[in-house]
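# Chain and residue survey
Here's the letter readout for the chains.
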Amino acid sequence: MTATRSIFLPLGILFLLTAVAILFVPGRQAPFAADSIPSGPMKAGTFDPPQTAPDFSLPASDGSEVTLSRYRGKVVLLTFGFTYCAAVCPTTMSTLAQARAKLGKAADDVQVIFVTVDPARDDSASMQTYLAAFDPTFVGATGKPEILAKVREKYGVTAVKQGTGTDYAMAHTSSIFLIDRSGKLRAMMPFGHDAADFVHDVRILLDA
Amino acid sequence: MRNAKRLAIVLAVLVVGGLGWAALWPVASGSREQLYQIPRGTSERRLAGEDLDILPHTIRLTLGQKDVLALKNNDAAPHIFGPTLIMPGQTFRLPFTTASTNSFVCTAHADGQLTVVVDPEPTPGWQRLRWRWRSMTETV
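Report follows, based on the coordinates. Nothing here was measured: the structure is a model prediction, and the numbers come from that model. (Residues numbered from 1 in each chain as written. Chains lettered and ligands numbered in written order. Predicted model: local features only at pLDDT ≥ 70, side-chain atom pairs only at ≥ 80, totals over all residues.)

## Notes on the overall build of chain A
Secondary structure assignment for chain A yields five helices and 10 strands. Within chain A, the proportion of its 208 residues that are buried is 39%. For chain A, the share of sequence-separated contacts (at least 6 apart) that also reach a separation of at least 24 residues comes to 69%. (Helix = DSSP H or I, 4+ residues; strand = E, 2+ residues; numbered from the N terminus. Buried ≥ 20, exposed ≤ 12 C-beta atoms within 10 Å, placed from the backbone. Contact = placed C-beta atoms within 7 Å.)

## Some remarks on the overall build of chain B
Looking only at helices and strands, one finds three helices and eight strands in chain B. In sequence order, chain B lays out its α and β elements as α-β-α-β-β-β-β-β-β-β-α. The globule rule puts the C-alpha radius of gyration for 140 residues at 14 Å, and the 21 Å found for chain B is more than 25% above it. In terms of principal-axis extent, the alpha carbons of chain B reach across some 70 × 30 × 25 Å. (Rg over C-alpha atoms; globule rule 2.2 N^0.38 Å.)

## Topic: helix 3 (residues 124-132) of chain A
All names here are of chain A. Along helix 3, the positions that sit buried rather than exposed are Met127, Tyr130 and Leu131. Projected down its long axis, helix 3 carries its buried residues within an arc of 90 degrees, all on one side. Across helix 3 from its buried face, at more than 90 degrees, point the exposed residues Ala125 and Thr129. Against the buried residues of helix 3 lie strand 5 (110-116) and strand 6 (139-141). (Arc of directions from axis to C-beta.)

## Considering the packing of helix 2 (residues 88-103) of chain A against helix 5 (residues 195-207) of chain A
To characterise two packed helices, one gives the angle between the axes of the helices and the distance between these axes. All names here are of chain A. Across the interface, helix 2 lies against helix 5 with an axial gap of 8 Å and an inter-helix angle of 55 degrees. Classified by the angle their axes make, helix 2 and helix 5 are oblique. Crossing hand, helix 2 versus helix 5: right-handed. Facing Thr95, Leu96, Gln98, Ala99, Lys102 and Leu103 of helix 2, the residues of helix 5 in contact are Ala195, Phe198, Val199 and Val202. Its residues assigned to classes, the contact of helix 2 with helix 5 shows seven nonpolar, two polar and one charged. (Axes fitted to C-alpha atoms, helices over the stretch in contact; angles between N-to-C directions. Parallel < 35°, antiparallel > 145°, perpendicular 65-115°, else oblique. Left-handed = near helix turned anticlockwise from the far one by under 90°. Nonpolar A, V, L, I, M, F, W, Y, C, P; charged D, E, K, R; others polar.)

## Here's the deal with the sheet that holds strand 8 (residues 113-119) of chain B
Picture the strands of a sheet paired through backbone hydrogen bonds; they go either parallel or antiparallel. Residue and element names in this part refer to chain B. Ordered by their spatial adjacency, three strands build an open sheet running 2-8-7, and the pairing between neighbours is mixed. The sheet terminates laterally at strand 2 (58-62) and strand 7 (100-105), the two strands that pair on one side only. Within this sheet the neighbouring strands show an average axis-to-axis angle of 20 degrees, counted without direction. Here strand 7 runs beside strand 8; their pairing, made up of six bridges, is antiparallel. Bridging from a neighbouring strand, Thr101 pairs with Val117 of strand 8. (Pairing = 2+ DSSP bridges.)

## Details of unusual backbone geometry
Going from A:Asp48 to A:Pro49, the amide bond is cis rather than trans, its omega being 0 degrees. Following the sequence through the fold, A:Pro49 ends up in strand 1 (residues 45-52).

## Considering the environment of A:Leu206
Residue and element names in this part refer to chain A. Inspection of the secondary structure assignment puts Leu206 in helix 5. Taking the C-beta count within 10 Å as the criterion, Leu206 has 16 such neighbours and is therefore assigned partly exposed. When the C-alpha atoms of Leu206 and Ala106 are compared, they prove to be 8.2 Å apart, with 100 residues separating the residues in sequence. Excluding anything up to four places from it in sequence, Leu206 contacts Val75, Ala106 and Asp109.

## Overview of the sheet that holds strand 1 of chain A
Pairing is mixed across the open sheet formed by nine strands, whose spatial order is 6(A)-5(A)-4(A)-9(A)-10(A)-1(A)-6(B)-3(B)-1(B). The open sheet terminates on both sides in strands that have one partner only, identified here as strand 6 of chain A together with strand 1 (33-38) of chain B. Averaged over all pairs of adjacent strands, the angle between strand axes in this sheet comes to 25 degrees, irrespective of strand direction. Here strand 1 of chain A pairs with strand 10 (residues 184-189) of chain A via four bridges, running antiparallel. Within the sheet, the bridge partner assigned to A:Thr52 lies in strand 10 of chain A and is A:Lys184. Against the sheet, helix 2 of chain A touches strand 4 (75-81), strand 5 and strand 9 (176-179) of chain A, its axis set at about 165 degrees to strand 4 of chain A.

## Some thoughts on the nonpolar core
Within the largest apolar cluster, 69 residues are counted, with the highest numbers of intra-cluster contacts made by A:Leu77, A:Ile113, A:Val115, A:Ala141, A:Phe177, A:Leu178 and A:Ile179. Setting aside its immediate chain neighbours within four residues, A:Val115 contacts A:Leu58, A:Phe80, A:Ala141, A:Leu148 and A:Val151. (Core = buried A, V, L, I, M, F, W, Y, C linked by C-beta atoms within 7 Å.)

## Side note on the environment of A:Ile204
Residue and element names in this part refer to chain A. Summarising the element assignment, Ile204 is placed in helix 5. Judged by local crowding, Ile204 falls into the buried class, with 23 C-beta atoms found within 10 Å. Between the alpha carbons of Ile204 and Asp180 there is a distance of 9.5 Å; along the sequence they are 24 residues apart.

## A closer look at the pairing of strand 8 of chain B
Summarising the sheet, strand 2 of chain B and strand 8 of chain B pair through five bridges and their orientation is parallel. Each bridged residue has a counterpart across the sheet, and for B:Thr62 the counterpart in strand 8 of chain B is B:Asp119.

## Observations concerning the pairing of strand 6 (residues 91-95) of chain B
Two elements, strand 1 of chain A and strand 6 of chain B, share three bridges in a ladder whose sense is antiparallel. Note that in strand 6 of chain B the partner of A:Asp48 across the bridge is B:Thr91. The pairing of strand 3 (residues 68-73) of chain B with strand 6 of chain B spans five bridges and is antiparallel. Paired with B:Ala70 across the two strands is B:Arg93, which belongs to strand 6 of chain B.

See below:
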């Protein structure tokens, strides 16, 4: 009886101490050090320090020439894909269109650029029709395969043809690059984030 | 005999206390970042034909503990490291907010794939005990 009591007493004290300690849980730490990213933690992956986004000059879906420098002063959401894409690209375009809609007036300072990885099928006219279905402000970029390959290389984007004949697909990097008003490549959002995450990060870049 | 009984009691208290602590005590880590670095000279070594595997094929993160993948390029050349191209001296930090399994194209690997598994935040009890055990065995 005495032995049983002598076991339960220290055990009881231990559990009591543990329970008390749990009540004083320290606050969760921020994922980043305060001085690491001045504009606060973003939902996208961030580059530190940010560098100037590689520029390019490509035939645009609206018949003009698309360059990044043309959109200085705006936040640019740059993505790579192809209009015959069955799932990833339509989802991305739809998400970005939703994000722009949620941004309201601030969306005037946001430009989406869609660079094709399939110039054999994506000419300016077909890209214009495709993009307008999501948001008429979206701009497509196409061009010669070797020029587009160089652009992809500068962003570390891959694109590999899968299948043969006319019904082929392109396996490609599905991330979206976030470029700030000064033309700096600030972040990369992997595929799968919703419109709210884009709104969150775009607001950070617009307010910076 | 009496000393043996006392010793048994002390051991029992320590074991139960230790398990109770491991299962219930909040887990905390100094930084939420899990850092991987490309060492200086990597590109030269690769050009010389050396087969370098800097990044594991599968990275395991835990929400609330280590949920920011940090990739730093200490080399003089740009590298595709994990899911993106990272310039010399640059760090790429990718936060994860949901428990998930993510596949990224990664040219740093022979099969071109990087998998990032994000485990849920360990809840008090068995999950926390298991997380502590895994952290301890990985450290050792």
